[in-house]
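# Notes for the structure review
Chain residues, written in single-letter form:
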Amino acid sequence: MSKPLQILVALFLGLSPAKAEEKRLSFANDVMPVLFRAGCNQGACHGSARGKDGFSLSLFGYDKRGDYFRLTQELIGRRINMAVPEESLLLLKATGAVPHTGGQRFKKDSAYYRTLKTWIEQGALNDTGPVPVPLEITLKPANLQFVGKGKSKPTSVIARYSDGSHRDVTELALFFTNNAGTASIDKKGVVVSQAKGDTYVFARFDRFTVGSEVIVLPEKTAYQWSGEQPANYIDERVFARLKQLQLNPSKLSSDTEFVRRVYLDLAGAPPSVQQFQRFMADKRANKRALLIDELLQHEDFTDLWTGLWAESVRLMGGGYTPVATDIKAAESYYQWIHRQIKKNRPFDEFVREQVTASGSNLSRGPTNLYTMLVHDSRFKPKEFAADFSQLFLGIQIQCAECHNHPFDRWTMDDYYGFVSFFTGITRKPGAEPREFYIYNNRQASPVRHRVDGRPMPATVIGGEQPVPASRDSRLALAEWLTAKDNTLFSRNIANRVWAHFFHRGLVEPVDDLRVSNPPTNGPLLEALAGQFVKSGFDLRQLIREICNSKTYQLSATPNATNESDDRQFSRARLRRLRSDVLLDSIIKATEWKRAFRDFPEGTKAIEFYPRTPGDTAQPLWRDDFLKLFGRSSRNTICTCETKREATLSQALHMAVGKNVRQALSTGLIDRLLAADRQPPEIINELFVRCLSRPPSAKELAAMLKLVGEEAKNIQPYQDILWALLNSTEFMTNH
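Here's a quick rundown of the structure. By convention here, each chain's residues receive numbers from 1 onward along its written sequence. The model is predicted, so local features are restricted to residues of pLDDT at least 70 and side-chain atom pairs to those at 80 or more, both for listing and for counting; the totals for chains, interfaces and linings are taken over all residues. Heavy atoms throughout the structure, all of them, feed into the side-chain values; hydrogens and water do not.

## Things to note about the pattern of salt bridges
The term salt bridge refers to a side-chain nitrogen of Lys or Arg lying within 4 Å of a carboxyl oxygen of Asp or Glu. For the structure on display, the rule yields 49 salt bridges. Of the charged contacts in the structure, one is a salt bridge between Arg160 and Glu136, with a shortest N-O distance of 3.0 Å. Of this pair, Arg160 sits in strand E4 (residues 156–161) while Glu136 sits in strand E1 (residues 134–140), and the two are 24 residues apart along the sequence. When a residue's accessible area, from a 1.4 Å probe over protein chains only, is under 20% of the maximum for its type it is buried; when over 50% it is exposed; and in between it is partly exposed. We classify Arg160 as partly exposed; its relative accessible area is 31%. Notably, a salt bridge pairs Asp348 with Arg352, separated by 3.3 Å at the nearest N-O pair. What counts as a helix is a DSSP run of H or I of at least four residues, what counts as a strand is a run of E of at least two, and both are numbered from the N terminus.

Shown next as C-alpha cells:
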C-alpha cells in the first residue's frame, strides 16, 4: 500500500496521518506473540477446545487466520473498538479494567499493551501476502551451571525467520522448568538455582520449544572421584556425567547379585540351582561376559523378547472374526516374531517387513501389524498412525491432531501428512470368515486437514516434501523409518532396550520422546543409538554392550554421594519384576507345572498372550495372577499399561492366594526330603532357588531353629519357602 493511500485509509477510519505512517504491525508476528505471551491462547484459557467465556482462540496460535476472524469480525465493534482503541474489550479485559476470568494479563504501561493498541490504531489489519515465519528458536546459554543455592543467570531466546532475519523474542516467550526443586525460571527467563541436581529449563515461542540443561552443585564439597575405570563406551559417558554432578558409582555387584540380575533380564527367570552353582564355581576372569553370551543364545532369551514385542504390538487372539484378530492370525504373528528374534534378524529389517507386509492375516504373520495395533472391525488410519508413531518413534503425534503439539515441534501438517500413509490400508475378506487380505490401495485419497480442509499427501514426520504419487507410500515410509540417519527410530529403540535393564529409560516414559522431555544423559543416548546403527541394528549386540558395562553391573548399595540419585544410573535400583517374570520365577523356583488357559502344558507366562472366544477390542488378561500383578491389558499401545507398583491386593494374594499355595504343593519339598538331604542343605537350596544366594549365618540359624528336631516334617520347609517367595528380595531385581 502506498503512503498516500495509507493516509487516505487512516483519515477514513478517523486516525491521524502520523499513525498511518508508523511501521505497520504484523498480526502474525507482532500481535499473536503478545496473545501467546499473555497466556490468552493457552489450554486453560481461550485456547481450550470450548474457548472461555464465549471467546475462542486456537491453542498457542496454530490457526492465525481463524484467530484474526474471531478477534475482529465475529462480534464487530465489541472486541476491537476502532473509534476508541483504548476502549477495546481486548485491552480492557487484558489489563483488568473490566471483570476478566483470567485476571490481569499485563499493565497499561507495558510493551504488550502498546503493541495491541498501536495495531488497533493502525486499523487492526491482517497481514496481506506472505509474512516471514519462525523456523527455529535458540535458548541461550544452552548449558548453565551453578555453585550454591539462590544464584541466578538470565537467558535469552532468539528466533530465526524464513527471510533470514533474527529477532530477540525473550519478552514474548513462555518459560518453564522440569524440576523447580533444582532450578526455577521466571517469566523473564531468569534461572535461579535451588538444590543440588540436574534439570532442564525450557522456552516456548510460536510452535517451538527448546531447553537448556541446568546443573546445581553444592557450594562446599569434599568430592573426589572414586577412580572407577570404564569398561566400554557406555561407562565412559555415564562416568563423565557422574563426575560432572559430583557423584560416585557404587561398587560392582557381587557374583550372586549379578547372576540373578542377568538371568532375570535375559532369561525371564532366576537361575536354577545347577546354573547358579556352575557360574559360582567358574574361576575365569571373564565369566560374566561368557554367561551373557550364553544367555543371549538361549531359547529363554528368544521367548522373553518375543513376549515383550508381542505385548508392544498388542498381540491377542479372538473369535470375533470381523476384527481380523483370529487366534490363528495371532499365532501366525507370534511365531513369525519368535523366528525373527531367534535368528537375530537385523532390527531394521524386522520392522521394515512388518510395515510393508501384504497378504493373508492367517498365513502371513507380519501383516497382522495392521490388525493388532488397532483392534476394530474397520481399519482406522488416525488411530493406527498414532499407535505406529508411538511404538516405532516414541512420538505421540496424536497430540497434533486438533492443534500443533503443545510440548514438541510437530504441527498439524505433520500429523495429517503422516496419517495419509495409512488411508489406503485395506482388509479384503478371504476364503473363510476369519481370513483377511491386507494390502495398500495406492489410489486412496489422502486425509484432509482439520482447519482448512486441504488434502494432505503422505509426508514423513518433519518432512517438507510429500511422497511422490508414483511411489508406494508404505515402501517410502519403511525406508525413511529404518534409515541409518533417522535418529528418531534408533534413539527410540535404544531407549526402550536400555529401560528394560534399568529402573527407567534415559527418556521416561519411553514412549514419549519430545523436546520438553529430554534424556537424562543425552550423549549416552546418542552413543547407544549410534552403535546400534553401526552394528547393523543388531539387537543382541546392543544388549551385550549394556550388560557388559560396569554401569549395568553396579551394586544396589548406595554410597555417601549417590543415595538420592535416581536419574544417572550411579547404582542399581530395586526393580519390581514384571507380572509374567514374577510368575515364571515362582514356577521355576518351585518346579510347578502351572497351566495357562487355552495354551498347551509347559507354556511359560512370558509366552502366554490373551486368547478369547469373543472380541479383542477390549482390555484382556485371561489370567487373574497376571492381571493382579500389573500385566498390560493390551487395551492401548501405551507402555503405562504395564504396571509395577505394589498393591495391598498383591501382598494378600502372595500371602494366602491360590497360586502360591499351589506352588508350595508341587512336591518339591517331598523330593528334597526323599533324597535324604540334611536341613542345612535343604535350606541352602531353597535360598538359592528363590534368591540366588546361600543364607547368611544368621538366616541359617533362624531357619534351623524353625525346623527344630522334626527334620523330616514338611511343614517348616514349606513355611521357609513361603517366606522366601513373599520376600521383597524375591519379587524385585536388584
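## Remarks on a nonpolar patch on the surface
Patch membership is restricted to residues that have no salt bridge and whose relative accessible area is over 30%. Joining uses 9 Å for like charges and 5 Å for the nonpolar side chains Val, Leu, Ile, Met, Phe, Trp and Tyr. Exposure was quantified through the Shrake-Rupley algorithm and a 1.4 Å probe, taking into account, for residues, occlusion by the shown protein chains and nothing else. Among the surface-exposed residues, Leu648, Leu652 and Val656 lie close enough to one another that they form a single nonpolar patch of about 340 Å² accessible area. Counting through the fold element by element, Val656 comes out in helix H24 (residues 648–656). Val656 sits in the exposed class, given a relative accessible area of 63%.

## Details of the packing of aromatic side chains
Here a pair means two rings of Phe, Tyr or Trp (six-membered ring of Trp) with centres within 6.5 Å. Their orientation is stacked below 30 degrees between planes, edge-to-face above 60, and tilted elsewhere. Inspection of the entire model under this criterion finds 42 aromatic pairs. For the pair Phe501 and Tyr552, a centre-to-centre distance of 5.8 Å together with 80° between the ring planes defines the contact as edge-to-face. One end of the pair, Phe501, is in helix H18 (residues 487–501); the other, Tyr552, is in helix H21 (residues 550–553), and 51 residues separate them in sequence. With 5.2 Å between their ring centres and 90° between their planes, Phe599 and Tyr609 make a pair best called edge-to-face. Linking Phe599 in the loop between helix H22 (579–590) and helix H23 (624–628) with Tyr609 in the loop between H22 and H23, this pair joins segments that are 10 residues apart in sequence. Each member of the pair, Phe599 as well as Tyr609, carries the same accessibility label: buried. In this arrangement the basic side chain of Arg261 is found over the ring face of Tyr552, its NZ or CZ atom lying 5.8 Å from the centre. Two limits define a charge over a ring: the Lys NZ or Arg CZ must be within 6 Å of the ring centre, and within 35 degrees of the ring normal. The positively charged end of Lys287 is found above the aromatic ring belonging to Phe279, 4.5 Å away from the centroid.

## Let's talk about the state of the cysteines
The criterion for a disulfide is a pair of cysteine sulfur atoms lying within 2.5 Å. For the structure on display, the rule yields 1 disulfide. Each disulfide pairs two cysteine sulfurs, and for Cys638 the partner residue is Cys640, the sulfurs being separated by 2.3 Å. Judged by the sign of its S-S torsion, about 135°, the bond between Cys638 and Cys640 is right-handed. For Cys399, which is in no disulfide, the shortest distance to another cysteine sulfur is to Cys402 and amounts to 10.0 Å.

## Some thoughts on the environment of Ile395
With respect to the helices and strands, the residue Ile395 is situated in the loop between helix H15 (381–392) and helix H16 (412–419). Residue classification places Ile395 among the buried positions, given a relative accessible area of 2%. For the pair formed by Ile395 and Ile461, sequence separation is 66 residues and the distance between their alpha carbons is 9.6 Å. Here, residues are in contact when the closest pair of their heavy atoms is within 4.5 Å. In this view, Ile395 contacts Ala386, Ser389, Gln390, Trp410, Leu488 and Leu513; residues no more than four positions away in its chain are not counted.

## Some points on the sheet that holds strand E3 (residues 152–154)
For two strands to be treated as a pair, DSSP must find at least two bridges joining them. Taken together, 3 strands build an open sheet; the order of strands is E3-E8-E7 and the sheet is antiparallel. Two strands lie at the open edges of the sheet, namely E3 and strand E7 (183–185), each paired on one side alone. Taken pair by pair, the neighbouring strands of this sheet meet at an average axis angle of 20°, ignoring direction. Bridge analysis of E3 against strand E8 (residues 190–193) gives 3 bridges, and the strand direction is antiparallel. Pairing of Lys153 across the sheet is with Val191, part of E8. Only the contacting stretch of a helix is used when fitting its axis, a line to C-alpha atoms as for every element, and angles between N-to-C directions run 0 to 180 degrees.

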